[in-house]
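Residue strings, one per chain:
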Amino acid sequence: MTKSLIIYFSLSGTTKTAAETIQKYTHSDIIRLEPKTPYPAGYDKYSKVGMQQMRDKADVAIQTEIPDLHQYDYIFIGYPTWDGQVPRIFNTLFKENDFSDNRLVPFSTSVSTPFEDTLGSLKAAVGDGVAIVGGFRYSGETQVRDYLKNNNFK
Ligand SMILES: Cc1cc2nc3c(=O)[nH]c(=O)nc-3n(C[C@H](O)[C@H](O)[C@H](O)COP(=O)(O)O)c2cc1C
């Protein structure tokens, strides 16, 4: 039996929906990443803060407690695309936690940016010595179900 975890970050709920769809089919454990300093309410306001963090390569502190990761084979990593990249909170996640026993399956959400465009920033955040296997941009339940089935996750 493989054991898997989903770690996701979501402000307006799209990545949350994607994460919960993966959970529905894989019965993974699931964690929502929350920053220590909450983003302001309202798309215009949090977009400004988020974009500034991307420009500054900011350190975004994490509020959420991360469990012992050694117990998991696969960890799904879910993120909204910000400025073509992985939001800075993930740089903190990978800096502060040891994922060397895990295989990461990233999934992005975005208005239009393809998943592949975000991979460079993801790899930079993850660092060396951690396996990234596959991944996809979320585009609905059927696609998630097919991805999981085609890759033997369900
Ligand atoms: C700060 C910020 C930057 C964004 N940059 C991009 C981008 O470069 N490309 C894109 O297609 N969408 C971009 N978006 C849109 C989000 O990726 C998209 O709406 C995502 O699905 C939101 O996920 P959420 O509902 O889980 O927060 C951006 C949104 C924000 C707030």
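Residues numbered from 1 in each chain as written. Predicted model: local features only at pLDDT ≥ 70, side-chain atom pairs only at ≥ 80, totals over all residues. Heavy atoms only, no water.

An unreviewed UniProt entry lists the protein under the name Putative flavodoxin, from Lentilactobacillus buchneri subsp. silagei CD034.

### A few points about the side chain of Ser121
Applied cut-off: Secondary structure elements follow DSSP: runs of H or I no shorter than four residues count as helices, runs of E no shorter than two count as strands, and numbering proceeds from the N terminus. Exposed residues in this analysis have more than 50% of their type's maximum accessible area, buried residues have under 20%, and partly exposed residues fall in between, with area computed by a 1.4 Å probe over protein chains only. We define a polar contact as two N or O atoms separated by no more than 3.5 Å, with the added condition that, inside protein, one atom must be a possible hydrogen donor and the other a possible acceptor, whereas residues neighbouring each other in sequence contribute only through side-chain atom pairs. Contacts: residue pairs with any heavy atoms within 4.5 Å of one another.
Of note, Ser121 is situated in helix α4 (residues 115-126). Judged by relative accessible area, Ser121 falls into the buried class, the value being 16%. A polar side-chain atom of Ser121 sits 3.0 Å from the main-chain amide nitrogen of Val86. Ignoring anything within four residues of it in the chain, the contact list for Ser121 reads Gln85 and Val86.

### Description of the site of the ligand
As a reminder of what qualifies: When we say a residue is near a molecule or strand, we mean one of its heavy atoms is within 4 Å of it. Here the accessible surface of atoms and residues is derived via Shrake-Rupley with a 1.4 Å probe, and residues count as covered only by protein chains that are part of the display. Throughout, the ten residues Ala, Val, Leu, Ile, Met, Phe, Trp, Tyr, Cys and Pro are labelled nonpolar, Asp, Glu, Lys and Arg are labelled charged, and all others, Gly among them, are labelled polar.
The ligand sits among 20 residues. The nearest are Ser10, Ser12, Thr15, Thr81 and Thr113. Separating an oxygen atom of the ligand from a backbone N or O atom of Thr14 is a distance of 2.8 Å. Residue Asp83 places a main-chain N or O atom 2.9 Å away from a nitrogen atom belonging to the ligand. For the ligand, the accessible surface in isolation is 650 Å², of which the surrounding protein chains cover 87%. Where the shell around the ligand is concerned, the elements lending two or more residues are α1 (14-26) and α2 (43-56). Examining the composition of the shell around the ligand, we find that four residues originate from one element, α2, more than from any other. Each residue belonging to the shell around the ligand can be placed in one class, and the counts come to seven nonpolar, twelve polar and one charged.

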